[in-house]
Amino acid sequence: MLSFSTPANTSAPELLRVTQNKGFGLGDERDAILAKWNQLQPFWGTGKGYFNSNSAPVEFTQENPFCRFKAVGYGCMPSNKDEDDLVTLVFNKKESEIQSHQQQLVESLDKILDSNQTLTVNVKGVKTMPDDQTEVVIYVIEWSPNGTSRQVPGTTLYAHFEQANIKIQFQQLAVTLSLARTELSLAQVKQLLQNPPARVDPIIWEQAKVDNPDPEKLIPVPMVGFKKLLRRLKVEDQMTKQDQTRLDIISEDIRELQKNQTTTMAKIAQYERKLMDLSHRTLQVLIKQEIQRKSGYTIQAKEEQLRVQLDTIQCELNAPTQFKGQLNELMSQIRMQNHFGAVRSEERYYIDANLLREIKQHLKQQQEGLSHLISIIKDNLEDIKLIEHGLNESIPIRGGVFS
């Protein structure tokens, strides 16, 4: 609920008469000093003005029209609906004290409202305020004898709290302020903007309306004096701390989500590897099953085409300039890593089981090919020796014939 400063008790003409008075009947320079002193005090909004020895001095407050320590800030328009029926109570107590004795506080408010227990006070929220004060938002439920209930309108509840006897009881509970949290209508907003608050220069008020960063959500609020400015700074500092706390909570949630995401990605990669392994095992089972099913049948044309394609792929894999060369290079790198593993023990490399099995199969085929080639060479050498032996035996016989 927005509220503006009320005018000071001293009227503007009386203040003007005090500040312009230059004759105090002293007959020396003290008259000029007192005149300047009376003109200076209204500017800072404190002190007493003396203009007649037979009259009481005039009290200068910060609400006087000559006070220079005035500014205009911006406050959020109330967003609560009228049907919410909420009322705010400001307690001159710390939030921890309110929270620890909340049940006793509700019982005390119940006794203040109704001794017949037909009204029930409910706490909507509790918020810390500067200067060790606490804001408590409440709403009241009224119960009828037939068991039905309704929420007491906020304006009715606020009017009840403004009664003199209720205020006395509120003072015993350390309640310093009560406000009805109701939404401002367009007519009320227009009236507040068109009529500058008391003791605020209309030019400054018009400039504040022009500089409003968000006219739909914010409204100009006057700040008169250092106390109002200090309270505004404390409120902004408190809101900044609350926003920082919320940001810290959000950052912690984000870090937790990132951690969960990393764990989830690792599990997904693990499941993908497991799926690939199961796929290979399933394929092997299907191959064996197909072999048993086709046992005893002749090779079909499609199977022959498939065999030719597989032979072509096998030739490409065994080509020295293709995958075989890359495989040899990979094996060389693996040997180098094993050689330097003792020096750089912190690094570990692992080969997939299927890839390792394929490498072993390829090396086995190479070994078998080399063994077969060696056997062929040995057989050829034996044949060459036999040919040479036959030639050596035939040469002397032929020489004897010709001789």
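Quick caveat: nothing in here was measured; it's all calculated off a predicted structure. Position numbers for residues start from 1 in each chain and track the written sequence from start to end. At least 70 in pLDDT is required for a residue's local features to be given in this predicted model, at least 80 for side-chain atom pairs to be given and counted, and no such filter applies to totals for whole chains, interfaces and linings, which use all residues. Hydrogens are left out, water is left out, and the side-chain values use all remaining heavy atoms of the structure.

Describing the overall build of the protein chain
Alright, step 1. In terms of helices and strands, the protein chain carries 12 helices and 9 strands.
Alright, step 2. For the protein chain, the proportion of its 403 residues judged to be buried stands at 22%.
Alright, step 3. Intrachain contacts of the protein chain at a sequence separation of at least 6 include 61% that bridge at least 24 residues.
Alright, step 4. Total accessible area on the protein chain stands at roughly 29700 Å², and carbon and sulfur atoms take up 57% of it. Working definition: helices are DSSP H or I runs of at least four residues, strands are E runs of at least two. Numbering for both runs from the N terminus. Only protein chains enter the calculation, and the probe is 1.4 Å; a residue is then buried if its accessible area is under 20% of its type maximum, exposed if over 50%, and partly exposed in between. Throughout, a contact is declared for two residues whenever any of their heavy atoms are within 4.5 Å. Exposure was quantified through the Shrake-Rupley algorithm and a 1.4 Å probe, taking into account, for residues, occlusion by the shown protein chains and nothing else.

Observations regarding a nonpolar patch on the surface
Alright, step 1. For patch building, the residue pool is restricted to those with more than 30% relative accessible area and no salt bridge; the joining distance is 9 Å between like charges and 5 Å between nonpolar side chains (Val, Leu, Ile, Met, Phe, Trp, Tyr). In what follows, salt bridge is the name for a side-chain nitrogen of Lys or Arg lying within 4 Å of a carboxyl oxygen of Asp or Glu. Together, Trp 37, Leu 40, Phe 43, Trp 44, Phe 69, Phe 226, Leu 229 and Leu 233 give the surface a local cluster of nonpolar side chains, amounting to about 740 Å² of exposed area.
Alright, step 2. With 4 residues, the single largest contributor to the nonpolar patch is helix H2 (residues 30-44).

Some remarks on the pattern of salt bridges
Alright, step 1. As enumerated under the stated definition, the model contains 11 salt bridges in all.
Alright, step 2. Arg 255 serves as the salt-bridge partner of Glu 252, at 2.6 Å between the closest nitrogen and oxygen. Linking Glu 252 with Arg 255, this pair stays in helix H9 (residues 225-293), spanning 3 residues, or about one helical turn.
Alright, step 3. Between Arg 293 and Glu 290 there is a salt bridge, with the nearest N and O atoms lying 2.6 Å from each other.

Description of the nonpolar core
Alright, step 1. Side-chain atoms within 4.5 Å are what join buried Ala, Val, Leu, Ile, Met, Phe, Trp, Tyr and Cys residues into a set we call a nonpolar core. Counting 21 residues, the largest nonpolar core has Leu 89, Phe 91, Leu 109, Ile 138, Phe 161 and Phe 170 as its most contacted members.
Alright, step 2. Take this core: its biggest share by element is 5 residues, from helix H4 (residues 102-113).
Alright, step 3. Ignoring any residue separated from it by four or fewer positions in sequence, one finds Phe 161 in contact with Val 87, Leu 89, Leu 113, Ile 138, Ile 166, Lys 167, Phe 170 and Ser 178.
Alright, step 4. Formed by 5 residues, the second largest nonpolar core is a distinct cluster that contains Leu 184, Val 189, Ile 219 and Val 221.

What to know about unusual backbone geometry
Alright, step 1. Of note, the phi angle at Ala 174 is positive, near 70 degrees, even though the residue is not glycine.
Alright, step 2. On the secondary structure map, Ala 174 appears in the loop between helix H6 (164-172) and strand E8 (175-181).

Focus on the side chain of Thr 134
Alright, step 1. The topology assignment puts Thr 134 in strand E6 (residues 133-143).
Alright, step 2. Nitrogen and oxygen atoms within 3.5 Å of one another constitute a polar contact, given that in protein one can donate a hydrogen and the other can accept it, and given that sequence-neighbouring residues count only through two side-chain atoms. Engagement of the side chain of Thr 134 in a polar contact is seen with the backbone oxygen of Lys 93, the distance being 2.6 Å.
Alright, step 3. Within polar-contact distance, the side chain of Thr 134 engages the backbone oxygen of Lys 94 at 3.4 Å.
Alright, step 4. The residues touching Thr 134, leaving out its near neighbours within four places in the chain, are Leu 89, Val 90, Phe 91, Lys 93, Lys 94, Glu 95, Ile 98, Val 126, Lys 127 and Met 129.

Thoughts on the side chain of Gln 238
Alright, step 1. With respect to the element layout, Gln 238 can be found in helix H9.
Alright, step 2. Judged by relative accessible area, which is 13%, Gln 238 ranks as buried.
Alright, step 3. Beyond its immediate chain neighbours, meaning those up to four positions away, Gln 238 contacts Thr 128, Met 129 and Pro 130.

Some points on the confidence of the model for the protein chain
Note: predicted coordinates in regions of low pLDDT should not be interpreted at a detailed level.
Alright, step 1. The predictor reports its confidence for every residue as pLDDT, a score running from 0 up to 100. Taken over all residues, the pLDDT of the protein chain has a mean of 79, while the share at 70 or more is 86%.
Alright, step 2. Here helix H1 (residues 12-20) stands out as the least confident element of the protein chain, with mean pLDDT 55; H9 is the most confident, with 90.
Alright, step 3. This model gives residues 1-9 a pLDDT under 50, and the stretch forms 21 contacts once residues within four places in sequence are excluded.
Alright, step 4. Predicted confidence is poor over residues 397-403, with pLDDT under 50, and the contacts of this stretch with residues over four places away or in other chains come to 0 contacts.

Here's the deal with the pairing of strand E5 (residues 119-129)
Alright, step 1. One requirement defines pairing of two strands: DSSP has to find at least two bridges between them. Note that E5 and E6 share 10 bridges and pair antiparallel. Within the sheet, the bridge partner assigned to Leu 119 lies in E6 and is Glu 142.
Alright, step 2. Hairpin connection from E5 to E6: 3 residues lie between these consecutive antiparallel strands, with Asp 131 at a positive phi of about 60 degrees.

A closer look at the environment of Arg 273
Alright, step 1. Within the secondary structure, Arg 273 is located in helix H9.
Alright, step 2. Separated by 79 residues in sequence, Arg 273 and Asp 352 have C-alpha atoms that sit 9.5 Å apart.

Some points on H2
Alright, step 1. Here the expected span of a helix is defined as 1.5 Å times the quantity of residues minus one. Along its 15 residues, H2 runs 21 Å from first to last C-alpha, staying within 8% of the 21 Å computed at 1.5 Å per residue.
Alright, step 2. Buried residues of H2: Asp 31, Ala 35, Asn 38, Gln 41 and Pro 42, and no others. Relative to the axis of H2, the buried residues are bounded by an arc of 130 degrees and lie together on one face. Across H2 from its buried face, at more than 90 degrees, point the exposed residues Ile 33 and Lys 36.
Alright, step 3. Positive phi appears at Gly 45, one or two residues downstream of H2, with a value of about 80 degrees. The reported arc concerns the directions from the helix axis to the C-beta atoms and nothing else.

Considerations on the pairing of strand E9 (residues 218-224)
Alright, step 1. Of all the 7 residues making up E9, 7 are buried; the element is thus mostly covered by neighbouring parts of the structure.
Alright, step 2. Here E9 shows a buried face lined by Leu 218, Pro 220, Pro 222 and Val 224 and a second buried face lined by Ile 219, Val 221 and Met 223.
Alright, step 3. Sheet topology note: the strand E3 (residues 70-76)/E9 ladder contains 7 bridges and is antiparallel. Bridged to Val 72 within E9 is Pro 222.

Describing the environment of Ala 180
Alright, step 1. Relative to the elements of secondary structure, Ala 180 occurs in strand E8.
Alright, step 2. In this structure the C-alpha to C-alpha distance between Ala 180 and Asp 85, which are 95 residues apart in sequence, comes to 7.9 Å.

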